[in-house]
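A structural walkthrough
Here are the chains, one letter per residue:
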Amino acid sequence: MAKYLAQIIVMGAQVVGRAFARALRQEYAASQAAAEARGRAGQQSAAASSLTGITLQEAQQILNIATLTPEELQKNYEHLFKVNDKEVGGSFYLQSKVVRAKERLDEELSIQTQDSQPKPPPEQKQQTPET
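Just so we're clear, the structure is a prediction, and the values are computed from it rather than from any experiment.

Looking only at helices and strands, one finds four helices and zero strands in the chain. Along the chain direction, N to C, the helices and strands of the chain fall in the order α-α-α-α. Buried positions account for 19% of the 131 residues belonging to the chain. Total accessible area on the chain is roughly 10600 Å²; 58% of this is exposed by carbon and sulfur atoms.

Right under this line is the structure:
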């Protein structure tokens, strides 16, 4: 009886172990596919965040922008810049945050327009006759 119980436990552990290994392989493959899909745009966006010192989400929160459109960006920027002007009792610090947020979102817009443009075909090298 104890022998059969031990065999059942061992076989159950093997089944669970195989299922866990298979799920782990599938998750790894899915994460690799997602990383490839993000590709160059994700790298450029991360580089822009490190250059401006502000993340995309933080910039969107500062300028109160849900969808990134040039018109909404400019409208919100102008309003917040004027409201935070030192001459009307605003804060220079907040005004500079508004400027940095606009710079970051402008950079993101330029990255998006670069990605949406069709890429030219690679140039073919001309073979020169060997002498």
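So that's the structure; there's more coming.
Looking now at the pattern of salt bridges. Applying the stated criterion across every chain yields a total of four salt bridges. Glu58 is paired through a salt bridge with Lys97; the nearest N and O atoms lie 3.6 Å apart. One end of the pair, Glu58, is in helix H2 (residues 56-62); the other, Lys97, is in helix H4 (residues 92-116), and 39 residues separate them in sequence. Its relative accessible area of 30% is what places Glu58 among the partly exposed residues.

Mean pLDDT over the chain stands at 82; residues scoring 70 or higher make up 76%. Looking over the chain, one finds the lowest element-wise mean pLDDT in helix H1 (residues 2-52), namely 79, and the highest in helix H3 (residues 70-83), namely 94.

Cut-offs used in this document
Residues numbered from 1 in each chain as written. Predicted model: local features only at pLDDT ≥ 70, side-chain atom pairs only at ≥ 80, totals over all residues. Heavy atoms only, no water. Helix = DSSP H or I, 4+ residues; strand = E, 2+ residues; numbered from the N terminus. Buried < 20%, exposed > 50% of the residue type's maximum accessible area, 1.4 Å probe, protein only. Areas by Shrake-Rupley, 256 points an atom, 1.4 Å probe, with all protein chains shown as cover. Salt bridge = Lys/Arg side-chain N within 4 Å of Asp/Glu carboxyl O. pLDDT = per-residue confidence, 0-100.

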